[in-house]
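Residue strings, one per chain:
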Amino acid sequence: MENRDFYVDLLIGDLENFIISEKKKVSDILSKNENISLEDTVFVLDRLSKSLKKTVNILDFVNEIDNLTTLRGISILASETIAWILFTLPSIEKNLPYFDNDFKIYNRSIVDYLADILLELESFIEEPSRIKFIGEDLQKNINYVSMTMSHTSNILKKGLLEN
């Protein structure tokens, strides 16, 4: 195994562990009551953004990976990450300064944008080698969502500090 393959395996393991541990924390927050605090909303957005950033870091290496099983695993893990975010966002939307009509990326709802990314990732599960050809655009799209969530979280944090 080359150092690059080992490093990619570490990144994959890191994302898997992050998703497992953070999904539990986020689920606990969302299940405790319907009125999620602004502090909890910031925490959830940070976790979602960080999971996307970790996904982008893995996608940095798709062009260097020849193992189809690894590429399929990346597609599955990235799909699970996006699906988690799609199911989580509606639970915190009431605390966001903008969401439904205003939380847009390229004039599209962030939920629709993420759903399209998810569909694309799921298509790579059956044909993992295709991710090499589209990976860079996909990576940019995921990174853009991550930055948008991070920016929103920072706005909320700033509001918390001023109040």
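Notes on the structure follow. This is a predicted model, so every value here is computed, not measured. Residue positions are counted from 1 within each chain, in the order its sequence is given. The predicted origin of the model limits local features to residues at a pLDDT of at least 70 and limits the giving and counting of side-chain atom pairs to 80 or more, whereas totals for whole chains, interfaces and linings rest on all residues. The basis for every side-chain value is the complete set of heavy atoms in the structure, and neither hydrogens nor water enter the calculation.

1. Quick notes on the environment of aspartate 40
Secondary structure elements are defined from DSSP: runs of H or I of at least 4 residues count as helices, runs of E of at least 2 residues count as strands, and each element is numbered from the N terminus. Tracing the chain through its elements places aspartate 40 in helix 2 (residues 38–59). Whether a residue is buried, partly exposed or exposed follows from its accessible area with a 1.4 Å probe, protein chains only, as a fraction of its type maximum: under 20%, in between, or over 50%, in that order. A relative accessible area of 14% places aspartate 40 in the buried class. Taking C-alpha positions, aspartate 40 is 7.0 Å from isoleucine 29, a pair spaced 11 residues apart along the chain.

2. Structural notes on the packing of aromatic side chains
For Phe, Tyr and Trp, where Trp contributes only its six-membered ring, two rings pair if their centres lie within 6.5 Å, and the inter-plane angle classes them as stacked under 30 degrees, edge-to-face over 60, or tilted in between. If you walk through the whole model with that rule in mind, you get one aromatic pair. A centroid spacing of 5.4 Å and a plane angle of 70 degrees characterise the contact between tyrosine 7 and phenylalanine 61, whose relative ring orientation is edge-to-face. Linking tyrosine 7 in helix 1 (residues 3–32) with phenylalanine 61 in the loop between helix 2 and helix 3 (68–92), this pair joins segments that are 54 residues apart in sequence. Judged by relative accessible area, which is 40%, tyrosine 7 ranks as partly exposed. Overall, the relative accessible area of 17% leaves phenylalanine 61 in the buried class. Here lysine 54 stacks its cationic end above the ring of phenylalanine 18, 5.3 Å away from the centre of that ring. Should the NZ of a Lys or the CZ of an Arg lie within 6 Å of a ring centre and within 35 degrees of the ring normal, that charge is described as sitting over the ring.

3. Looking at the packing of helix 2 against helix 3
The interhelical angle for the contact between helix 2 and helix 3, taken along N-to-C directions, is 160 degrees, at an axis separation of 10 Å. Overall, the two elements helix 2 and helix 3 adopt an arrangement that is roughly antiparallel. Here helix 2 runs over helix 3; the crossing is left-handed. Counting all contacts with helix 2, which are made through Thr41, Val44, Leu45, Arg47, Leu48, Ser51, Leu52, Thr55, Ile58 and Leu59, the residues of helix 3 involved are Ile74, Ala78, Thr81, Ile82, Trp84, Ile85, Thr88, Leu89 and Ile92. Residue type decides the class: Asp, Glu, Lys and Arg count as charged, Ala, Val, Leu, Ile, Met, Phe, Trp, Tyr, Cys and Pro as nonpolar, and the leftover types, Gly among them, as polar. Taken together, the residues of the contact of helix 2 with helix 3 break down into 13 nonpolar, five polar and one charged. Only the contacting stretch of a helix is used when fitting its axis, a line to C-alpha atoms as for every element, and angles between N-to-C directions run 0 to 180 degrees. Between 65 and 115 degrees an angle is taken as roughly perpendicular, under 35 as roughly parallel, over 145 as roughly antiparallel, and anywhere else as oblique. A crossing counts as left-handed when the near helix is turned anticlockwise from the far one by less than a right angle, and as right-handed when that turn is clockwise. Every residue pair with non-hydrogen atoms within 4.5 Å of one another is taken to be in contact.

4. Looking at helix 4 (residues 110–126)
Taking 1.5 Å per residue as the helical rise, helix 4 with its 17 residues ought to reach 24 Å, and the 26 Å between its terminal C-alpha atoms agrees with that figure. Those residues of helix 4 that sit buried are Ile110, Tyr113, Leu114, Ile117, Leu118, Leu121 and Phe124. Across the axial projection of helix 4, the buried residues extend over an arc of 140 degrees, all falling on one side. Counted as exposed and oriented over 90 degrees from the buried face of helix 4: Leu119 and Glu126. The span one expects for a helix is its residue count, reduced by one, times 1.5 Å. It is the directions from the helix axis to the C-beta atoms that the arc portrays.

5. Describing the packing of helix 3 against helix 4
Packing of helix 3 against helix 4 brings their axes to within 8 Å, and their N-to-C directions diverge by 155 degrees. As far as their axial angle goes, helix 4 and helix 3 are roughly antiparallel. Considering the relative orientation of helix 3 and helix 4, their crossing is left-handed. Seen from helix 3, the contacting residues are Arg72, Ser75, Ile76, Ala78, Ser79, Ile82, Ala83, Ile85, Leu86 and Leu89; seen from helix 4, they are Ile110, Val111, Leu114, Ala115, Ile117, Leu118, Leu121, Glu122, Phe124, Ile125 and Glu126. In terms of residue class, the contact of helix 3 with helix 4 is made up of 16 nonpolar, two polar and three charged.

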